[in-house]
Amino acid sequence: MNFAKKFPVRNIKNIKKYVELLNVKLKNGEFRLIHRSCICCKQNSEKILFNNDRNGINLKILMCKNCGFVYLNPRIDEESLRKFYESDLYRDIYHSIDNYQYKWKLAESYKKKKLQLHNYDPFGFVDFIEESKIKYKRVFEIGAAGGANLLPFRGLNKKIGGNELSKKLIKFANTKGIKLLYSNFDSIPLNIDLLIIQHVFEHLFDPEKLLKQIYQKNIKYLYIGVPGFVNIMPSVQLAHNFYFSFNTLISICVRNGFKPIKKAIYNSNNYLMVLFQRQNKIEEYEYNYSYEVKNIIKIYNKFRIKNFLLSIYRFLKINKINEKFRK
Ligand SMILES: [Zn+2]
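Residues numbered from 1 in each chain as written. Predicted model: local features only at pLDDT ≥ 70, side-chain atom pairs only at ≥ 80, totals over all residues.

## Considerations on the nonpolar core
Here comes step 1: Membership of the largest hydrophobic core comes to 75 residues, with the highest contact counts inside it found for Val70, Leu195, Leu222, Tyr223, Ile224, Leu249 and Val274.
Here comes step 2: Of the domains in this structure, domain 1 (2-84 + 290-326) and domain 2 (89-278) are the two that each give at least three residues to this core.
Here comes step 3: The residues touching Leu195, leaving out its near neighbours within four places in the chain, are Phe140, Ile142, Ile188, Ile214, Ile219 and Leu222. (Core = buried A, V, L, I, M, F, W, Y, C linked by C-beta atoms within 7 Å. Buried ≥ 20, exposed ≤ 12 C-beta atoms within 10 Å, placed from the backbone. Domains from an automatic or database assignment. Contact = placed C-beta atoms within 7 Å.)

If you want it as structure tokens, here you go:
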């Protein structure tokens with residue numbers, strides 16, 4: 001059933017040349033790939049789900065047969081990953097600077113409101129954090145992009161800061177009056193009350209390494225927002241190394257000293273939001289591995305069948321059109 005392992009590729013013309021460039025860089029080793037065991041349960045027992053991502057980049061998306069965690073393996077190593085984000089090749093494929101202009105406009109019109117979870121709201125995480133009633137003043141964002149996520153916090157009279165690897169985006173943030181540090185994900189100042197990791201955690205090569213560094217910095221609260229894999233199939237892409245569920249995300253954070261105090265999920269796209277509090281004593285979080293595996297396989301099979309039927313439908317439709325022309 002090789003058909004089942006092909007993730008449907010989107011047909012977007014202007015990114016084709018970047019996709020080809022990336023496939024070459026992956027093949028010739030310019031972007032080095034490394035195989036790692038499951039970061040959730042540390043086992044090496046995997047099932048291949050897909051052999052390509054939504055843009056047609058050749059890579060393997062696997063599920064750990066032991067704990068149900070889904071991730072890319074092998075993955076681009078840390079050094080190549082840094083090159084990837086610095087080079088702006090990532091932005092060329094995934095987000096243009098126009099997206100940041102647009103996001104900035106949305107940020108400017110942000111108003112505190114009751115969190116609603118039907119449709120994804122890029123600034124709903126601010127309401128999510130505010131509704132938790134935690135006390136915080138100093139906010140820092142890792143991988144702050146164009147700085148838009150920080151703007152609502154400035155409006156709430158918080159002290160804001162962040163870091164970013166793309167010089168283009170740092171410049172953009174600067175023109176909007178937000179100063180970002182040019183540094184890797186892991187350089188975080190001291191005395192931060194709330195650390196924000198939004199649309200970033202799933203991009204990291206080694207999320208646990210970052211959690212260990214955060215723990216050392218004595219940060220009180222940690223917010224992580226990631227595209228989730230809970231009841232619908234995520235859109236798989238090279239830039240996302242990991243596809244978290246609440247269980248896998250919380251499991252990794254708890255054993256690194258962060259206990260969840262609030263969680264929520266958007267129904268429309270399964271985006272997960274979890275707020276953690278730093279613990280002095282390290283604990284373990286247990287979840288039902290076999291239930292997790294069953295759930296992932298159920299969603300995967302449903303997705304596979306839907307796409308199979310869709311391809312038959314398209315095939316028949318094309319044949320029908322051809323028949324019409326013959327007549
Ligand atoms: Zn595992």
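After presenting the structure, the write-up continues.
## Let's talk about the domain arrangement of the protein chain
Here comes step 1: For the protein chain, the assigned domains read domain 1 (2-84 + 290-326) and domain 2 (89-278).
Here comes step 2: Across the contact, 29 residues belong to domain 1 and 26 residues belong to domain 2.
Here comes step 3: Contributions of two or more residues to the side of domain 1 that touches domain 2 are made by helix H1 (16-27), strand S3 (58-64), strand S4 (70-72), helix H2 (78-86) and helix H10 (289-326).
Here comes step 4: Broken down by element, the residue count for the side of domain 1 that touches domain 2 peaks at five residues, all from H10.
Here comes step 5: A per-class count over the side of domain 1 that touches domain 2 returns 21 nonpolar, one polar and seven charged. (Helix = DSSP H or I, 4+ residues; strand = E, 2+ residues; numbered from the N terminus. Nonpolar A, V, L, I, M, F, W, Y, C, P; charged D, E, K, R; others polar.)

## A look at the sheet that holds strand S11 (residues 242-243)
Here comes step 1: The strand order across the open sheet built from four strands is S2-S3-S4-S11, with neighbouring strands paired in antiparallel fashion. What marks the edges here is a single partner per strand, and that holds for strand S2 (46-52) and S11.
Here comes step 2: Note that S4 and S11 share two bridges and pair antiparallel. By the bridge assignment, Tyr71 is partnered in S11 with Phe242. (Pairing = 2+ DSSP bridges.)

## Details of helix H9 (residues 246-254)
Here comes step 1: Along H9, seven of the nine residues are buried, which leaves the element largely enclosed by surrounding structure.
Here comes step 2: Buried within H9 are the following residues: Asn247, Thr248, Leu249, Ile250, Ser251, Ile252 and Cys253.

## Overview of the pairing of strand S13 (residues 271-278)
Here comes step 1: The element S13 is largely enclosed, with a buried count of six among its eight residues.
Here comes step 2: For strand S12 (residues 258-265) and S13, the ladder comprises seven bridges, and the chain directions are antiparallel. Note on S13: the bridge partner recorded for Phe258 is Arg278.
Here comes step 3: Hairpin remark: S12 followed by S13, antiparallel, with five residues in the connecting loop; positive phi at Asn270, about 65°.

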